Amino acid sequence: MQINFIPIDYDYFDFQGRTYAKIVGRTGKDKQVCLIDSCDIYFWAILKPKITDKKIKQIQEKINKIKVKQASRESRVLKTELHNKNFLGKPVKAIKIFITNHKDAHAIADKLGMKEIDKRREYDLNFITKYILERKLKPLTWYNIEGEVLANSQKFNGIDNSINTDLVLEVDKIQESNTKKDFSPKILAYDIEVDELEIGKGEILMISLVGENLKKVLTWKKSSKKSYVETFEDEAEMLEAFIKYIKQYKPDILTGYFSDGFDLPYLKARAEKNHIKLNLGIDNSQPRFSRGKLLTGKISGIIHIDLLRFIRTVYSQYLKSETLSLDEVALELLGEKKEDFNAYEAIKSGNPNWEDFFKYNLQDSVLTHKLTEKLWPDLFEMVKIVEEPLFNVSRAGLSSLVESFILHNLEKYNEIAEKRPIHEEIGNRRKKRSVEGAFVLRPEPGLFENIAMFDFTSMHTSIMVSFNISKATLLEKKQKNSYESPELEFENKKKKFYFSKKQGFIPLLLKEIFDKRKRFKQEYKKDPNPITKARSNVFKLLSASVHGYQGFFGARYYSLEGAASVLAFVRKFNKEIIEQTKKAGFKPIYGDTDSVAVQLGKNTKKNAKEFLKKINSKLPGIMELDLEDFFKRGLWVTKRTGGFGAKKKYALIDEKNKIKIRGFETVRRDWCNLARQTQNQILKLILTTGNEKKALEYVKQIVKQIKNRKIPLHQLIIKTQLKKPISEYKSINPHVLIAKKMQEQGLPVNIGMLIEYYIAELETTKKRVLVRERAKLPTEPGKYDIKYYLNNQILPAVENIFQVFNINLKEIIEGKKQMSLGDF
DNA sequence: GAGCTCTTCTTACC
DNA sequence: ACTGGTAAGAAGAGCTC
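Attention in this report is confined to the structure presented alongside it.

A few points about the overall build of chain A
Line of reasoning, step 1. Across its full length, chain A holds 24 helices and 33 strands.
Line of reasoning, step 2. Scaling as 2.2 N^0.38, a compact globule of 824 residues should have a C-alpha radius of gyration of about 28 Å, and chain A matches this with 31 Å.
Line of reasoning, step 3. Out of the 824 residues belonging to chain A, those deemed buried represent 53%.
Line of reasoning, step 4. Look at the contacts in chain A between residues 6 or more apart in sequence, and 67% of them connect residues 24 or more apart.
Line of reasoning, step 5. Counting only carbon and sulfur atoms, one obtains 47% of the accessible surface of chain A, whose full area is about 39800 Å².
Line of reasoning, step 6. Side chains of chain A carry 148 positive and 107 negative charges; the gap between the two charge centres is 6 Å.

Topic: the protein's contact with DNA strand B
Line of reasoning, step 1. Taken together, the neighbourhood of DNA strand B is formed by 21 residues, with Asp 594, Lys 648, Tyr 650, Tyr 729 and Lys 730 sitting nearest.
Line of reasoning, step 2. Within 4 Å of the protein, atoms of DNA strand B come from sugar and phosphate in 90% of cases.
Line of reasoning, step 3. In this structure, Lys 648 approaches DNA strand B through a side-chain N or O atom, which is 2.9 Å from a base oxygen.
Line of reasoning, step 4. With respect to DNA strand B, the side chain of Tyr 729 contributes an N or O atom lying 2.3 Å from a phosphate oxygen.
Line of reasoning, step 5. Looking at the surface near DNA strand B residue by residue, the classes come out as three nonpolar, six polar and 12 charged.

What to know about the sheet that holds strand S27 (residues 595-599)
Line of reasoning, step 1. Pairing in this open sheet of seven strands is antiparallel, and the strands run S19-S26-S27-S20-S28-S29-S30 from one edge to the other. In the strand order of this sheet, the two ends are held by strand S19 (440-441) and strand S30 (659-662), each with one partner.

Thoughts on the environment of Leu 140
Line of reasoning, step 1. When you line up the elements, Leu 140 lands in the loop between helix H3 (127-135) and strand S9 (143-149).
Line of reasoning, step 2. Residues Leu 140 and Phe 5, spaced 135 residues apart in sequence, show a C-alpha to C-alpha distance of 9.2 Å.

Some remarks on the nonpolar core
Line of reasoning, step 1. Formed by 106 residues in total, the largest nonpolar core has its most connected members in Leu 401, Phe 454, Ile 463, Leu 542, Tyr 557 and Phe 573.
Line of reasoning, step 2. What Leu 401 contacts, discounting residues up to four positions off in sequence, is Val 314, Met 382, Val 386, Val 393, Ala 396, Leu 541 and Leu 542.
Line of reasoning, step 3. Of all hydrophobic cores here, the second largest spans 56 residues; its members include Ile 661, Ile 686, Ala 760 and Ala 775.

A word on the protein's contact with DNA strand C
Line of reasoning, step 1. Close contacts around DNA strand C come from 33 residues, with Ser 434, Gly 437, Lys 647, Lys 649 and Tyr 788 the closest.
Line of reasoning, step 2. When the atoms of DNA strand C within 4 Å of the protein are sorted by group, sugar and phosphate make up 83%.
Line of reasoning, step 3. Contacts to DNA strand C include Arg 772, whose backbone N or O atom sits 2.9 Å from a phosphate oxygen.
Line of reasoning, step 4. Of all the secondary structure elements, the ones that give two or more residues to the surface near DNA strand C are helix H12 (398-407), helix H22 (771-774) and helix H23 (786-803).
Line of reasoning, step 5. At three residues, H23 tops the list of elements feeding residues into the surface near DNA strand C.
Line of reasoning, step 6. Grouping the constituent residues of the surface near DNA strand C by class yields 13 nonpolar, nine polar and 11 charged.

Observations regarding the side chain of Arg 270
Line of reasoning, step 1. Along the chain, Arg 270 falls in helix H6 (residues 259-273).
Line of reasoning, step 2. Not counting residues within four places of it along the chain, the set of residues in contact with Arg 270 comprises Gly 200, Lys 201, Gly 202, Glu 203, Ile 204, Glu 235 and Leu 239.

Section: the sheet that holds strand S32 (residues 754-759)
Picture the strands of a sheet paired through backbone hydrogen bonds; they go either parallel or antiparallel.
Line of reasoning, step 1. If you trace the three strands from one edge of the open sheet to the other, you get S31-S32-S33, paired in antiparallel fashion. Looking at which strands have only one partner, the edges of the open sheet turn out to be strand S31 (718-721) and strand S33 (775-776).
Line of reasoning, step 2. The pairing of S31 with S32 spans four bridges and is classified as antiparallel. Along S32, the bridge assignment pairs Thr 720 with Ile 755.
Line of reasoning, step 3. On top of the sheet, helix H21 (residues 734-744) reaches S31, S32 and S33; it is set at about 105° to S32, its chief contact.

Notes on a negative patch on the surface
Line of reasoning, step 1. The grouping of Glu 233, Asp 234, Glu 237 and Glu 240 at the surface amounts to a negative patch.
Line of reasoning, step 2. Exposure remark for Glu 233: the relative accessible area of 63% places this residue in the exposed category.

Some points on unusual backbone geometry
Line of reasoning, step 1. For Gln 16, which is not glycine, the phi torsion reads 45° and is therefore positive.
Line of reasoning, step 2. Position of Gln 16 among the secondary structure elements: in the loop between strand S1 (2-15) and strand S2 (18-26).
Line of reasoning, step 3. Positive phi is not limited to glycine here, since Leu 140 has a value of about 55°.
Line of reasoning, step 4. We classify Leu 140 as buried; its relative accessible area is 2%.

With respect to the packing of aromatic side chains
Line of reasoning, step 1. Enumeration over the complete set of coordinates arrives at 38 aromatic pairs.
Line of reasoning, step 2. Both rings, one in Phe 357 and one in Tyr 360, keep their centres 6.4 Å apart while their planes meet at 50°; by these two values the pair is tilted. Of this pair, Phe 357 and Tyr 360 are both found in helix H10 (residues 354-386), three residues apart, which corresponds to roughly one turn of the helix. Exposure class is identical for Phe 357 and Tyr 360. Each is buried.
Line of reasoning, step 3. The interplanar angle of 25° and the centroid separation of 6.2 Å between the aromatic rings of Phe 569 and Phe 573 together place this pair among those described as stacked. Here Phe 569 pairs with Phe 573, and both are found in helix H17 (residues 560-583), just four residues apart, close to one helical turn. Taken individually, Phe 569 and Phe 573 each receive the classification buried, so the pair is uniform in this respect.
Line of reasoning, step 4. A cation over a ring is seen here: Lys 501 above Tyr 483, with NZ or CZ 4.9 Å from the ring centre.
Line of reasoning, step 5. Here Lys 575 stacks its cationic end above the ring of Phe 439, 4.9 Å away from the centre of that ring.

Some thoughts on the pairing of strand S17 (residues 295-298)
Line of reasoning, step 1. Here strand S16 (residues 288-291) pairs with S17 via four bridges, running antiparallel. In the sheet register, Arg 288 faces S17, and the bridge partner there is Lys 298.
Line of reasoning, step 2. Count of turn residues in the S16/S17 antiparallel hairpin: three residues.

Thoughts on H23
One turn of an α-helix holds 3.6 residues; hence residues three or four places apart share an orientation.
Line of reasoning, step 1. Where H23 bends most, at Leu 795, the angle is about 60°, and the proline Pro 796 comes one to four residues later.
Line of reasoning, step 2. Counting buried positions over the 18 residues of H23 gives 13, a clear majority of the element.

Describing H10
Line of reasoning, step 1. The end-to-end C-alpha distance of H10 is 45 Å, a good match for the 48 Å that 33 residues give at a rise of 1.5 Å each.
Line of reasoning, step 2. Taken as a whole, H10 carries its principal kink of about 50° at Leu 375; the proline Pro 377 stands between one and four residues after it.
Line of reasoning, step 3. Among the 33 residues that make up H10, 26 are buried, leaving the element largely enclosed by the rest of the structure.
Line of reasoning, step 4. Its side-chain oxygen 3.2 Å from the backbone nitrogen of Glu 355, Asn 353 forms the N-cap of H10.
Line of reasoning, step 5. One or two steps after H10, the chain reaches Glu 387, where phi turns positive at roughly 60°.

Considering the side chain of Ser 153
Line of reasoning, step 1. With respect to the element layout, Ser 153 can be found in the loop between S9 and helix H4 (159-162).
Line of reasoning, step 2. Judged by relative accessible area, Ser 153 falls into the buried class, the value being 15%.
Line of reasoning, step 3. A polar contact is formed between the side chain of Ser 153 and the backbone nitrogen of Lys 155, at a distance of 2.8 Å.
Line of reasoning, step 4. When neighbours within four sequence positions are excluded, Ser 153 is seen to be in contact with Gly 158 and Asp 160.

Conventions adopted
- Residues numbered from 1 in each chain as written.
- Chains lettered and ligands numbered in written order.
- Predicted model: local features only at pLDDT ≥ 70, side-chain atom pairs only at ≥ 80, totals over all residues.
- Heavy atoms only, no water.
- Helix = DSSP H or I, 4+ residues; strand = E, 2+ residues; numbered from the N terminus.
- Rg over C-alpha atoms; globule rule 2.2 N^0.38 Å.
- Buried < 20%, exposed > 50% of the residue type's maximum accessible area, 1.4 Å probe, protein only.
- Contact = heavy atoms within 4.5 Å.
- Areas by Shrake-Rupley, 256 points an atom, 1.4 Å probe, with all protein chains shown as cover.
- Lys, Arg positive; Asp, Glu negative; His and termini not counted.
- Charge placed at Lys NZ, Arg CZ, Asp CG, Glu CD.
- Near = heavy atom within 4 Å.
- Polar contact = N/O pair within 3.5 Å; in protein donor to acceptor, adjacent residues only side chain to side chain.
- Nonpolar A, V, L, I, M, F, W, Y, C, P; charged D, E, K, R; others polar.
- Pairing = 2+ DSSP bridges.
- Core = buried A, V, L, I, M, F, W, Y, C linked by side-chain atoms within 4.5 Å.
- Axes fitted to C-alpha atoms, helices over the stretch in contact; angles between N-to-C directions.
- Patch = residues over 30% accessible without salt bridge, like charges linked within 9 Å, V, L, I, M, F, W, Y side chains within 5 Å.
- Salt bridge = Lys/Arg side-chain N within 4 Å of Asp/Glu carboxyl O.
- Phe/Tyr/Trp six-rings, centres within 6.5 Å; stacked < 30°, edge-to-face > 60°.
- Lys NZ or Arg CZ within 6 Å of the ring centre and 35° of its normal.
- Bend = angle between axes of the 7 residues up to and from the residue.
- Expected span 1.5 Å × (residues − 1).

The structure is reproduced here in structure tokens:
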């Protein structure tokens, strides 16, 4: 039988001691299909140089006899082959060792103690990755599959009887299809509401399910007039209905928001309590949880996506939201709000408004469903580009995305994959002192006009490509005709590193990323749509992560020497460009890592563009300096401590009057809204008018309002994130004390939560009172502390802005002096 | 307990 | 533990006198 097929979920199983892949996907006619397939399972023994053919034969014979007894199976070597391969860019002879069971690769590799064997590799790749590489059955790509239908077959212990797909097929032939068909997955979103947040401790009150033609709230608490609410006898019945609906709907994707850490484990726990099998899997298996630092829930045959995890690693950098709560993210990306309903209060009251509660529960799934659809192009493109299954990609960190991209592209270079560092190696790497980073030019404080901002295109990546920097191209010592890093400090010594001029495979891959980043950015500009945007973003992300990957202790292709060299080049080129701008008659104001802001001075915009052209004709390799934009005005301020310019803080206004604020309190979520909004307003007034007059009036107004207690409390709330368990804090800052207080009051306190408080006046005779002693929960009654908000929020936020105009705001606020230098 | 420096902590930038 | 380094700035900890 031949079918059209798109792989979605990958899994594997053991049968008679061998490993088989089980791939669930869809046909062109939208049937759900499960493929059973096998692939060669092997790893590599890389030989030392100059081993005779005779010796190699002997070694192969020895290896051929290796057997390993594990718990319930015996694993053995099937055969061996000798190949010419590359390892870290160098040609090697390597023995390809075929084995019966993937799980025993490590155990067999451990038996290869022969002194002629230099290294053993690829026994640590996971089976799914190997399978995709071996059979070239890439996720979310259309194929023509030929195979034998398994129907009531005795094969694989009658596996087809236990798998609930329309078809189970044992694969014969795989061929990539050249039809460019679209694929829209069936997405089902879910969300639960409970009466006790600790996993499994309370009961599940209701579950909402939202798909394309499905909107349900399942509950056992109360009947409802709403058509989408279905009421059951008890929690157990509700859970069974939940399972039934999922099985009926047959989603490709089951999606939740924080569902890895909450909804799915809770459902599992409650199902156990009620003696129900949560058999959501396509083979009736229950969700499996793996424990990393984060709990991860996998359902066989259905991709379980915890959208929060994808948003956190991949998408959060494009968001303005201050938290990644469903509420905020949905508002930003969809323009839709959650239902205005306090679930926690509702539960605590014991007598909630159930109709509102149902509506709220449904809305959460509606939003999760919409968000998943909205981010589908991003998920899809990422999967296509790194060639790992959706389940993994949706949870992967930046380093593993980069690494997957590398691993799936090694074949072009005939490369054997480097091993993953083991525990001890990770420890050693982490102990190393970090390498010196980028250069930041200290700005001259002031308000400047006619500014141009230049920046390098993907600077770190372009340096790695241009100077062939990678683990594999690093030379042990200086060689004729090699790339040489600038002098740098490494392990407390002055050093230079050298890199071969023979193109390495990693720099070549990075060039591919760099080129595509540029190409897809152009494509997006020409034709802005979700697909081109997603593609552009994936390469932007990969490009921005490769340097960090190289310096990451968990990386297979880790090279601290490489990372140090890249950064030395980054410093060198930024400083050089700053010098060049001076020579060309610009006045550099500020620069950070890959950028420099200059005053045009006597130069015109045309001169600026010519300057770029000239620079680019001289920059090495693929390095490129770009014009970020021209700005009408820009403001830099002094540090609060020390009378010189503050780095990483500036505000610019472009020619379309669009304001860009970096680093200022305005963009920091741990300042109260009043301070942030006041500062924002002042920056806006100064940048648009070019002087401080209106801004000063504005600030005086605000000060007056504070003094007259006219400011509503919500403007004064300070939010600080709790980053670790309360007991681990050495320093009890206000937010830690408030968190403690909340815990004592029985309020939910979780790591990662934003703790909210305000500073109130305290009746005391003590002269010195700590801030934390005055901190109160927003629900606690109290009078806000006028002095605190003036001196610790408003003043620090605006003081150094006015200092640029020689105005001493402190004196004005305190009313000691109405006139200052600026008034003359 | 005032005044100081150092450390801890959070959140930004690139 | 899950990309890296640089930086600002608040508030507490801990010291001296």
